[in-house]
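# Descriptive structure summary
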2 protein chains.
Amino acid sequence: MKIIYAGLIGFGNIGTGVVKLLRSNREILEKRLGARIVLKKIADMDISTPRAVSVEKALLTTDAGEILNDPEISIVIELIGGYDHARSFILDAMRKKKHVVTANKALLATHGNEIFQTAEKEDVDIGFEASVGGTIPVIKTLKESLVANRIRSIFGIMNGTSNYILTKMTDEGKAFDAVLREAQDLGFAEADPTFDIEGIDTAHKLAIVLSLSYGKKVRLEDIYREGISGISQKDIEFAKELGYKVKLLAIARERETFVEARIHPTMIPFNHLLANVNGNFNAFHILGDASDSVFLYGQGSGMMPTASAVVSDLIDIARDMLKGISRRVPARFHREEGMEDIRILPMEDIDTKYYFRFSAVDRPGVLSKISGILGANDISIAAVIQKGRKINGAVPVVMTTHESMEKNVRKALKDIDQLDVVQGKTVKIRIEDEETP
Amino acid sequence: MKIIYAGLIGFGNIGTGVVKLLRSNREILEKRLGARIVLKKIADMDISTPRAVSVEKALLTTDAGEILNDPEISIVIELIGGYDHARSFILDAMRKKKHVVTANKALLATHGNEIFQTAEKEDVDIGFEASVGGTIPVIKTLKESLVANRIRSIFGIMNGTSNYILTKMTDEGKAFDAVLREAQDLGFAEADPTFDIEGIDTAHKLAIVLSLSYGKKVRLEDIYREGISGISQKDIEFAKELGYKVKLLAIARERETFVEARIHPTMIPFNHLLANVNGNFNAFHILGDASDSVFLYGQGSGMMPTASAVVSDLIDIARDMLKGISRRVPARFHREEGMEDIRILPMEDIDTKYYFRFSAVDRPGVLSKISGILGANDISIAAVIQKGRKINGAVPVVMTTHESMEKNVRKALKDIDQLDVVQGKTVKIRIEDEETP
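Residues numbered from 1 in each chain as written. Chains lettered and ligands numbered in written order. Predicted model: local features only at pLDDT ≥ 70, side-chain atom pairs only at ≥ 80, totals over all residues. Heavy atoms only, no water.

## Examining the packing of aromatic side chains
All names here are of chain A. Within this structure, the stated rule accounts for 13 aromatic pairs over all chains. Taken together, a centroid distance of 4.9 Å and an interplanar angle of 80 degrees make the contact between tyrosine 164 and phenylalanine 188 edge-to-face. Of the two residues, tyrosine 164 sits in helix 7 (residues 160–172) while phenylalanine 188 sits in the loop between helix 8 (176–185) and helix 9 (194–197), which places them 24 residues apart along the sequence. On the accessibility criterion, tyrosine 164 (8% relative accessible area) is buried. Seen from their ring centres, phenylalanine 356 and phenylalanine 358 are 5.7 Å apart, and the 50 degrees between their planes marks the pair as tilted. (Phe/Tyr/Trp six-rings, centres within 6.5 Å; stacked < 30°, edge-to-face > 60°. Helix = DSSP H or I, 4+ residues; strand = E, 2+ residues; numbered from the N terminus. Buried < 20%, exposed > 50% of the residue type's maximum accessible area, 1.4 Å probe, protein only.)

Below you can see the structure in the form of structure tokens.
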């Protein structure tokens with residue numbers, strides 16, 4: 001049986017899963033591939049701490065060079081994460097004509113152009129299914145299964161930690177801080193949760209998805225980003241009353257020559273499939289011009305689900321190698337040469353529906369003042385909820401709007417928040433209830 | 001730009017969609033593929049009726065031989081459906097070293113062995129993504145994205161017509177016959193709906209999915225099959241009361257050396273993702289040993305969604321051709337040679353939960369007689385609903401059970417239906433509420 005040698009750089013959680021999976025399912029992998037994949041070397045800075053899988057000492061090294069310089073190794077799996085080392089290992093591997101598999105979304109979102117261009121120049125493959133949506137085959141679906149489609153829109157829940165927190169807040173009525181602490185205790189959230197809860201991780205994934213969907217380069221900083229740390233139990237309750245759940249959505253949508261690219265807490269109707277994605281699951285609702293709605297769901301993280309995606313990339317590359325080819329499917333659809341920048345619509349020019357929660361002083365005429373300012377800014381009201389109960393001396397007034405321009409909303413809220421009868425900053429959450437699969 | 005010539009046999013609904021899609025998205029297809037796919041010839045028995053797309057007369061022929069014998073055509077798209085002609089066109093194309101794309105599940109489920117073996121022998125590819133789940137990338141997901149997994153189970157809604165009827169019955173409280181007639185008037189159901197409503201179409205699709213998941217041959221007649229024509233509004237209402245929806249599920253589940261393969265109306269909990277698949281959508285819940293739950297959803301039929309899958313297969317084959325290779329991924333994982341038969345667990349030996357609706361005479365002691373027979377057959381009761389209201393002189397008594405053996409259930413119901421106090425045949429619907437994603 002033909003053997004294909006791979007080297008693993010990064011023996012953490014996912015790396016351990018890859019070793020376990022290649023071992024536990026070796027027999028079916030060999031039957032399906034018609035060849036054997038052998039992990040020849042595993043490099044990590046720490047090779048003494050026991051892992052959830054036992055590995056011969058001779059396989060382990062602290063020197064990634066032993067993998068990068070081994071001519072027998074033809075596929076390098078990069079699972080150390082981070083920027084500097086990962087980048088140099090990947091580029092080095094490619095220059096040595098090795099194929100690469102990585103789960104490193106942060107690196108691809110920031111240094112993707114350099115990495116994808118190098119892969120093209122060196123005529124090697126780069127597999128990155130595990131970088132977005134964990135086990136969910138969203139990369140392959142965009143590059144292969146939906147290849148015949150113009151992608152109209154993608155709505156995604158791409159960060160498990162945020163979704164876990166919002167799910168707990170919704171189902172158990174707990175406050176953001178309490179749930180975050182709980183998630184940290186359980187190991188679902190990092191000690192510094194900024195990456196997850198402020199939408200940075202989601203932005204990395206959306207940048208990759210955008211680049212594949214539109215075959216263009218994306219500048220991370222052009223993606224609008226708002227996290228979930230400002231979401232309070234009050235807003236989750238009002239959302240329920242209005243028939244919505246609050247989810248941290250990543251939204252990409254084709255708008256003639258522009259593309260919308262934004263990440264923010266979003267109210268979506270109960271019966272939307274995305275509203276039923278709970279806990280740390282991820283999901284993608286992709287609307288193709290021919291395919292119509294395609295919805296993909298699964299574990300966005302975790303040792304074995306992510307390893308499943310990493311090994312599928314390994315097999316994909318191995319299948320190419322066994323046929324003596326590479327780059328059967330280009331990394332980002334198009335040729336890298338001459339690839340244009342994607343034109344992201346400025347957030348100010350976005351049209352969407354809104355939920356506002358004003359903290360109003362309980363005095364006659366307040367509603368008329370607020371609605372007057374909204375009307376003057378071309379924002380028309382769809383629904384109003386005003387309840388007697390005071391919170392810190394103020395009464396919450398909730399409004400939802402019809403489609404309005406973000407720039408008008410910003411201007412109106414600025415004026416409203418300066419009214420004597422309004423206390424504190426108005427809460428604004430965007431609503432998406434049109435594309436319901 | 002390199003040109004790849006394809007020929008289309010069958011210019012019906014899906015064929016029209018393929019012509020439209022290749023035309024409307026030609027520019028992005030060329031950018032993504034780096035080559036042009038040209039439909040050189042379209043064969044159909046009827047070339048005079050206008051289609052939803054206009055085609056030059058010179059392209060049309062009533063003679064499929066003009067495609068099969070054209071040495072310039074390297075991919076044949078078979079979309080005529082049915083058995084005899086489709087089979088001979090496909091085999092003939094392969095023997096002439098042409099690759100094949102087909103959406104013909106009936107043919108693959110019955111003549112798959114011959115077709116897949118011929119593809120292997122002739123070293124040509126066969127794409128059949130459109131044969132199961134329409135636009136949903138379930139074939140590629142099983143063969144490529146989940147390649148590293150043992151497939152633990154697949155639960156699928158694979159027939160749009162049945163799901164449309166059940167959805168309407170559930171949401172609008174209408175009777176089966178009324179909804180069927182409505183569906184026929186709207187063109188969602190055939191004049192003879194047997195294939196769809198009796199689970200035959202679903203069985204064809206399940207046979208294909210089983211063969212891919214387990215890399216073995218499947219005998220269609222081994223798949224247990226029960227349609228939806230016996231489902232009444234009463235059972236849908238009781239299901240709601242118990243927290244379930246009724247769906248026509250195709251179930252595959254690994255059971256040591258056996259595989260469960262069954263199609264029947266099934267009660268599933270409201271909050272299961274499959275319970276929220278409505279209208280004529282299809283969906284697959286796949287449980288892999290590493291991936292955990294993966295859920296795929298989309299249009300299982302329709303002109304453009306199905307065309308999207310057909311064209312994705314075309315591009316897949318074209319990508320191979322441009323690299324000078326074929327059969328990069330074998331048609332059914334393994335080599336055809338020496339492929340074993342799948343061992344399907346006899347229905348009698350299935351363990352599952354049940355819903356029963358007895359039509360009992362309103363007389364003391366009835367419940368004790370029924371539950372006595374159930375107990376004697378090792379069937380333990382989970383819940384009972386008995387209501388005063390009489391239907392045709394009898395009172396409905398509804399019970400759900402814990403896991404029980406099908407053979408015991410059959411024996412018990414035979415005995416119960418012979419009781420004086422029980423009128424008419426007891427209704428039995430299986431419940432699946434364990435694997436909730």
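## Re a nonpolar patch on the surface
Taken together, the side chains of A:Leu367, A:Ile381 and A:Val384 present a nonpolar region at the surface, about 200 Å² in accessible area. Relative to the helices and strands, A:Ile381 resides in strand 14 (residues 381–386). (Patch = residues over 30% accessible without salt bridge, like charges linked within 9 Å, V, L, I, M, F, W, Y side chains within 5 Å. Areas by Shrake-Rupley, 256 points an atom, 1.4 Å probe, with all protein chains shown as cover. Salt bridge = Lys/Arg side-chain N within 4 Å of Asp/Glu carboxyl O.)

## Things to note about the relation of the copies chain B and chain A
Of the transformation placing chain B onto chain A, the axial shift is 0.0 Å and the rotation is 180 degrees, giving an RMSD of 0.0 Å. Classification of the inter-copy transformation places it as that of a two-fold axis. Residue B:Leu296, judged by its C-alpha, is the member of chain B lying nearest the rotation axis, at 2.4 Å. Of all interface residues in chain B, 100% are interface residues in chain A too; the two copies therefore contact each other through one and the same surface. (Least-squares fit on C-alpha atoms with pLDDT ≥ 70 in both. Contact = heavy atoms within 4.5 Å.)

## As for helix 2 (residues 26–33) of chain A
Burial in helix 2 of chain A covers these residues: A:Ile28, A:Leu29, A:Glu30, A:Arg32 and A:Leu33. At its buried positions, helix 2 of chain A is contacted by helix 1 (13–24), strand 2 (36–43) and helix 12 (303–322) of chain A together with helix 10 (200–214) of chain B. A:Gly34, located one to two residues past helix 2 of chain A, shows a positive phi value of around 75 degrees.

## Describing the confidence of the model for chain A
Summary statistics for chain A give a mean pLDDT of 95 and a share of 98% for residues scoring 70 or more. Both confidence scores are given for the complex: pTM 0.97, ipTM 0.96. (pLDDT = per-residue confidence, 0-100.)

## Digging into the interface of chain B and chain A
A common way to state how big an interface is: give the accessible area lost once the parts meet. Taken together, the contacts link 52 residues of chain B with 52 residues of chain A. Of the roughly 4700 Å² buried between chain B and chain A on both sides combined, carbon and sulfur atoms contribute 56%. On the chain B side of the interface with chain A, the three residues burying the most area are B:Arg32, B:Arg319 and B:Arg328, jointly 17% of the side's total. Between chain B and chain A we count 6 salt bridges in total. Put simply, A:Arg328 and B:Asp320 hold a salt bridge, and the shortest N to O gap is 2.4 Å. Joining chain B to chain A, the criterion identifies 24 residue pairs in polar contact (both at pLDDT 80 or more). Put simply, the parts of the chain that give the side of chain B that touches chain A at least two residues each are helix 2 (26–33), helix 6 (138–145), strand 12 (292–299) and helix 12 (303–322) of chain B. A total of 9 residues in the side of chain B that touches chain A trace back to one element, the largest contributor, which is helix 12 of chain B. (Buried area = accessible area lost by both parts, 1.4 Å probe. Polar contact = N/O pair within 3.5 Å; in protein donor to acceptor, adjacent residues only side chain to side chain.)

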